[in-house]
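Listed below are the residues making up each chain.
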Amino acid sequence: MGFSAISNANGWEITIVGMGTVFFALFLLFLILSNLHKVIVVWENKNNFLSRLFKKTEPFPGYKLIKNEPYIILQQAHHAYLLYKLLNHEFYLTDLYDLAKKRGVEISDKCIKILLDKKIIIPLGRQKYMWNE
Amino acid sequence: MEHILGYFATTGFALINLKFSLMIIVGLILIYLGIAKHYEPLLLVPIGFGILVGNVPHITGVNISIYEPGSVLNYLYFGVIKGIYPPLIFLGIGAMTDFSTMLARPLLMLLGAAAQMGIFLTFIGALYIGFAPPEAASIGIIGGADGPTSIFLTAKLAPHLLGPISIAAYSYMALVPVIQPPIMKLLTTKKERLIRMEEPREVSKKEKIIFPIVGFLLTTFIAPASLPLFSMLFLGNLLKEAGVTERLAQTARTALIDTVTILLGLTVGASTQADVFLTPKSLYIFMLGAFAFGVATASGVIFAKFLNLFVKHKINPLIGAAGVSAVPDSARVVQMVAHEYDKNNFVLMHAMAPNVAGVIGSAIAAGVLWHFMVP
């Protein structure tokens, strides 16, 4: 009887461990359940997620067609594509060169020729072009 | 004449004494509360009638009493002392419980954990008074407000206290609408009671199916001693949510649970024979039971207020009181109190989250206590 009875029966320890276990179990369940619906969404769209995860990212549309060209050409083509994104959908080559100059990047005629030959850039007439995405 | 007198001497009229009379009155009161006041009628009516059955005075040695091996009642009582009925009731509870609100906002589960403080503080209190540790553990579990769990643990640890503990547990469960509101009002401000909680998100079917499997594995890995309770609870819920076992779920939540409830109520009531039940220990058990309920309610409410310090979407602290696992009565009481202050505040669905979490929490607590008490 009294506090000694509590100590003799390890009452304090049992209480602490007991409450700790109840909280731990429900907290763990809380963590799992909080994320369960997110896991289900991922599972339901697993094909999309996996393809996005393992898909080799191409620096610009049409990269595969010129991937054997020298690195400098690939780099310039990448720059050209990034600049094209800042221009209108239909653009003049002069605008592209001007913008490249302003940004301090070089886009050689050779690079543009290759992009045209491989039909990565398509002429629309009236000196306008578009990127074949 | 001698035969007539001899027969009369064996009748209840000749054997009745004050203790039996008192217990018969207790039984009648429980029946009255169940029928007239609608306090847990499905439990109090069979238990009250069981008390009448157990306290009809009769001579010993004729295999009538629930404690006499070979009597019909003794066979039925087997399900109580061997802990068979509580898991079957859990099967039915699982098959009728919708865990959606808990899945929608799992944070509210922690309120169900906090409310289990009532179990452990009562355990400490019972030890302080002088109960042996297994008895104290069985008394403490009354604070879980979960009748089947109380019976399950008491049958394992202190079967001689089954009568008073189960009567205390079920009586206080029935008295939740009386016990809880004053504590809830005492610990909350009017502003807090008016908090409206955001609508819970919609829970997908897949979540509902995965939950009983994940819940079962997690809880039983942490508290293996609760395996009989959790296996049935989560199996019942899986039957309900699977969508392909509707017949089994239907049986579990109707015919099976009703049958077991009748047998459990009757035998628990009949186990309260006056000479076993009317002892000073029973009085202490009832006092500690009330204390357990009070502490459990207060812990849930206070913890809800504590959580509000950290969460963006505020919690109405009244729902903390539903952390005691008297399903769904304590959730209804929360709704009732919230409704008093704001007629358009519907917190019932939110309160169901800590309420069902409380069932899980009290079963884990029972497993932990059992683990420590088994030599």
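Asks: Would you explain the side chain of Asn-345 of chain B in this entry?
Replies: Following the sequence through the fold, Asn-345 of chain B ends up in the loop between helix 20 (329-341) and helix 21 (348-373). In this structure, Asn-345 of chain B is in contact with Arg-193, Leu-194, Ile-195, Arg-196, Asn-316 and Gln-335 of chain B, ignoring residues within four places of it in sequence.

Asks: Can you walk me through the sheet that holds strand 2 (residues 121-125) of chain A in this structure?
Replies: Within a sheet, each strand pairs with its neighbour through backbone hydrogen bonds, oriented either parallel or antiparallel. Residues and elements named next belong to chain A. Taken together, the three strands give an open sheet; going across it, the order is 1-3-2, and neighbouring strands pair in antiparallel fashion. This sheet does not close on itself; its edge strands, each paired only once, are strand 1 (91-92) and strand 2. Where strand 1 and strand 3 (residues 128-131) come together, two bridges link them in antiparallel fashion. The residue of strand 3 that forms the bridge with Tyr-92 is Lys-128. Against the sheet, helix 6 (residues 109-117) makes contact with strand 2 and strand 3, and its axis sits at roughly 80 degrees relative to strand 2, the strand it touches most.

Asks: Could you clarify how one ought to interpret the pairing of strand 3 of chain A in this entry?
Replies: Residues in a regular strand point their side chains to alternate faces of the sheet. Residue and element names in this part refer to chain A. Of the two faces of strand 3, only the one carrying Tyr-129 and Trp-131 is buried; Lys-128 and Met-130 on the other face are not. Looking at chain direction, strand 2 and strand 3 are connected through four bridges and run antiparallel. Paired with Pro-123 across the strands is Tyr-129, a residue of strand 3. Two successive antiparallel strands, strand 2 and strand 3, enclose a turn made up of two residues, where Arg-126 displays a positive phi of approximately 55 degrees.

Asks: In this structure, what is going on with the interface of chain B and chain A? I would like to understand it.
Replies: One frequent convention defines the size of an interface as the accessible area lost when the parts assemble. In this assembly, 39 residues from chain B lie in contact with 30 residues from chain A. Here chain B and chain A share an interface that buries about 3000 Å² over both sides, 88% of which is from carbon and sulfur atoms. Counting across the interface, chain B meets chain A through one salt bridge. Here Glu-44 of chain A and Lys-206 of chain B are joined by a salt bridge, their closest N and O atoms 2.9 Å apart. Counting across the interface, chain B meets chain A through three residue pairs in polar contact (both at pLDDT 80 or more). In terms of residue count, helix 21 of chain B provides more of the side of chain B that touches chain A than any other element does, nine residues in total. Across the side of chain B that touches chain A, the residue classes break down as 30 nonpolar, six polar and three charged.

Asks: Could you clarify how one ought to interpret the packing of helix 12 (residues 162-174) of chain B against helix 19 (residues 280-307) of chain B in this entry?
Replies: Two packed helices can be described by the angle between their axes and the distance between those axes. All names here are of chain B. Contact geometry of helix 12 with helix 19 gives a least axis separation of 9 Å together with a crossing angle of 35 degrees. Relative to helix 19, helix 12 is oriented so that their crossing is right-handed. Packed against helix 12, whose contacting residues are Pro-164, Ile-165, Ile-167, Ala-168, Ala-169, Tyr-172 and Met-173, the element helix 19 presents Ser-282, Ile-285, Phe-286, Met-287, Gly-289, Ala-290 and Phe-293 at the interface. A class-by-class count of the residues in the contact of helix 12 with helix 19 yields 12 nonpolar, two polar and no charged.

Asks: Explanation requested: a nonpolar patch on the surface in the structure shown.
Replies: A contiguous nonpolar surface patch, about 460 Å² in accessible area, is contributed by Phe-3, Trp-12 and Ile-16 of chain A together with Tyr-128 of chain B. Examined against the element boundaries, Phe-3 of chain A turns out to sit in helix 1 (residues 3-8). We classify Phe-3 of chain A as exposed; its relative accessible area is 53%.

Asks: Would you explain the confidence of the model for chain B in this entry?
Replies: In regions of low pLDDT, the predicted coordinates are not meant to be interpreted in detail. In this model, chain B carries a mean pLDDT of 92, and residues with pLDDT of at least 70 account for 100%. Two numbers describe this predicted complex: its pTM, 0.80, and its ipTM, 0.88.

Asks: What is the right way to look at the pattern of salt bridges in this model?
Replies: Two side chains carrying opposite charge are able to pair once their charged atoms lie near each other. Residues and elements named next belong to chain B. Evaluated as defined, the whole model comprises 12 salt bridges over all chains. Salt-bridge contacts for Glu-340 lead to Lys-185; the nearest nitrogen and oxygen are separated by 3.1 Å. Of the two residues, Glu-340 sits in helix 20 while Lys-185 sits in helix 13 (residues 176-186), which places them 155 residues apart along the sequence. Glu-246 is paired through a salt bridge with Arg-253; the nearest N and O atoms lie 2.4 Å apart. Bridged by salt links that share partners, the residues Lys-205, Lys-240 and Glu-241 form one connected network.

Asks: I would appreciate a short explanation of the layout of surface pockets in the present structure.
Replies: Gaps between atoms show up when a probe of the same size as a water molecule is rolled over them. All names here are of chain B. Quantified by volume, the largest pocket comes out at close to 940 Å³. Along the walls of the largest pocket sit 36 residues, with Glu-40, Leu-42, Met-96, Val-327 and Pro-328 positioned nearest its centre. Counting residues per element, the ones that place at least two in the lining of the largest pocket are helix 4 (41-54), helix 6 (85-96), helix 7 (100-104), helix 11 (147-157), helix 12, helix 17 (246-270), helix 20 and helix 21. Ranked by residue count, the leading element in the lining of the largest pocket is helix 17, at five residues. Looking at side-chain class alone, the lining of the largest pocket contains 22 nonpolar, seven polar and seven charged residues.

How each quantity is defined
Residues numbered from 1 in each chain as written. Chains lettered and ligands numbered in written order. Predicted model: local features only at pLDDT ≥ 70, side-chain atom pairs only at ≥ 80, totals over all residues. Heavy atoms only, no water. Helix = DSSP H or I, 4+ residues; strand = E, 2+ residues; numbered from the N terminus. Contact = heavy atoms within 4.5 Å. Pairing = 2+ DSSP bridges. Axes fitted to C-alpha atoms, helices over the stretch in contact; angles between N-to-C directions. Buried < 20%, exposed > 50% of the residue type's maximum accessible area, 1.4 Å probe, protein only. Buried area = accessible area lost by both parts, 1.4 Å probe. Salt bridge = Lys/Arg side-chain N within 4 Å of Asp/Glu carboxyl O. Polar contact = N/O pair within 3.5 Å; in protein donor to acceptor, adjacent residues only side chain to side chain. Nonpolar A, V, L, I, M, F, W, Y, C, P; charged D, E, K, R; others polar. Left-handed = near helix turned anticlockwise from the far one by under 90°. Patch = residues over 30% accessible without salt bridge, like charges linked within 9 Å, V, L, I, M, F, W, Y side chains within 5 Å. Areas by Shrake-Rupley, 256 points an atom, 1.4 Å probe, with all protein chains shown as cover. pLDDT = per-residue confidence, 0-100. 1 Å grid on protein atoms, 1.4 Å probe; cavity = no way out; pocket = protein on both sides within 12 Å on 5 of 7 lines; lining within 4 Å. Points joined across faces, edges and corners; volume = space filled by probe spheres on them.

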